[in-house]
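# Notes for the structure review
In case you want the letters, here they are:
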Amino acid sequence: MFLHASIQWYGVISVFVLCGLFMLAQKSQADPLLNTDDASITTAHHCQLETSYSSFKAGARSYQVTPACNLDQNLEVSIGYHSTQDMDRVRGFSAQAKTVLKPLEDDWGIATSLMVSRDKPSEQGADLDWFLNVPISFHFLDQRLALHSNLGYQYAHDHTRQLRWGIASNYALTDRLGLSAEAYNQDRQAPFFQTAIHYSLIPNVLTLVAAYGDRLDAFRQRWFGFGLSFSPASS
């Protein structure tokens, strides 16, 4: 039943985002705050850095730092640190390996990634989870628009299994200013929605991002976030 409900949510929101996509006519650009991954990796033998800070309505705060490097022609490895300041004071590390199965040619591409993560509450033991993800990206209108779609499988340390999904659209208002919209799930409750605005201080190299998000149910869990993306390989 849960699997069927997850696919229903994914299908409904995919149609919604696709309809919105064709009302726009600008170039796409990704955001470091988005949970939905795209089907590309860092330029070969180069690195990038993404970092973010979020403040939640309930008073919690979280931040993360994730450097990523392409060690070969088609293997990106990233190692991240994340921390949440709330009652549990959770902190942890993650490691991800990502490869492109089909490059972004003919207006679409596909990749796959495997992430392992370990969280450690302040007074509890450390736990290990893993997440297998398949990002698919589509370009529209001469690559001026993009849609990113994720389907993944997560296995948690408490032996729970979950189908995870995400869908995001990106477009630019100008050469430096752009917007993003995203919907995704993280648990067996209602999915989340997030919008973000990004401004390129140095086009394709240094980007600042601000985001607002909430959960799609009656119990609001809104948050505000700020992020930074640094990609020296693009210069």
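Before reading further, recall that the structure is shown in the block above.
Below you will find a few notes about this structure.

Calculation notes
- Residues numbered from 1 in each chain as written.
- Predicted model: local features only at pLDDT ≥ 70, side-chain atom pairs only at ≥ 80, totals over all residues.
- Heavy atoms only, no water.
- Helix = DSSP H or I, 4+ residues; strand = E, 2+ residues; numbered from the N terminus.
- Buried < 20%, exposed > 50% of the residue type's maximum accessible area, 1.4 Å probe, protein only.
- Contact = heavy atoms within 4.5 Å.
- Areas by Shrake-Rupley, 256 points an atom, 1.4 Å probe, with all protein chains shown as cover.
- Phe/Tyr/Trp six-rings, centres within 6.5 Å; stacked < 30°, edge-to-face > 60°.
- Lys NZ or Arg CZ within 6 Å of the ring centre and 35° of its normal.
- Patch = residues over 30% accessible without salt bridge, like charges linked within 9 Å, V, L, I, M, F, W, Y side chains within 5 Å.
- Salt bridge = Lys/Arg side-chain N within 4 Å of Asp/Glu carboxyl O.
- Disulfide = S-S within 2.5 Å.

Secondary structure assignment for the protein chain yields 1 helix and 12 strands. Of the regular secondary structure in the protein chain, the N- to C-terminal order runs α-β-β-β-β-β-β-β-β-β-β-β-β. For the protein chain, the residues scored as buried account for 40% of the 235 residues in total. Within the protein chain, residue pairs in contact and separated by at least 24 positions form 46% of the contacts whose partners lie at least 6 positions apart. Summed over its atoms, the accessible surface of the protein chain is roughly 12900 Å², and 61% of this surface lies on carbon and sulfur atoms.

With that settled, consider the packing of aromatic side chains. By the definition in use, this model includes 8 aromatic pairs. Sitting over the ring of Trp-108, Lys-102 keeps its end group 4.3 Å from the ring centre. A cation sits over an aromatic face here: Arg-164 above Phe-131, 4.4 Å from the ring centre.

Trans is the common state for peptide bonds, and a negative phi is the common state for residues other than glycine. Look at Asp-107: it is not a glycine, yet its phi comes out positive at around 70°. In this structure, Asp-107 sits in the loop between strand 4 (90-105) and strand 5 (108-120). Under the relative-accessibility criterion, Asp-107 is labelled partly exposed at 38%. Residue His-159 is not a glycine yet carries a positive backbone phi of 75°. Mapped onto the fold, His-159 is located in the loop between strand 7 (145-155) and strand 8 (161-172).

Judged by side-chain polarity, Leu-114, Val-116, Leu-128, Trp-130, Leu-132 and Tyr-153 come together as a nonpolar surface patch covering roughly 500 Å² of accessible area. For the nonpolar patch, the elements supplying multiple residues, two or more each, are strand 5 and strand 6 (127-140). Among the secondary structure elements, Trp-130 is positioned in strand 6. Classification of Trp-130 by relative accessible area gives partly exposed; the value is 32%.

This paragraph deals with the state of the cysteines. All chains considered together, the criterion is met by 1 disulfide. Shown here is the disulfide that connects Cys-47 with Cys-69, its sulfur atoms set 1.9 Å apart. Taking the torsion about the sulfur-sulfur bond, which here is approximately 105°, the covalent link between Cys-47 and Cys-69 counts as right-handed. Of this pair, Cys-47 sits in strand 1 (residues 47-56) while Cys-69 sits in strand 2 (residues 61-70), and the two are 22 residues apart along the sequence. With relative accessibility at 22%, the residue Cys-69 sits in the partly exposed group.

Applying the stated rule across the entire model yields 4 salt bridges. Asp-187 is the salt-bridge partner of Arg-215, the closest N and O atoms lying 2.9 Å from each other. Of this pair, Arg-215 sits in strand 11 (residues 206-215) while Asp-187 sits in the loop between strand 9 (177-184) and strand 10 (192-202), and the two are 28 residues apart along the sequence.

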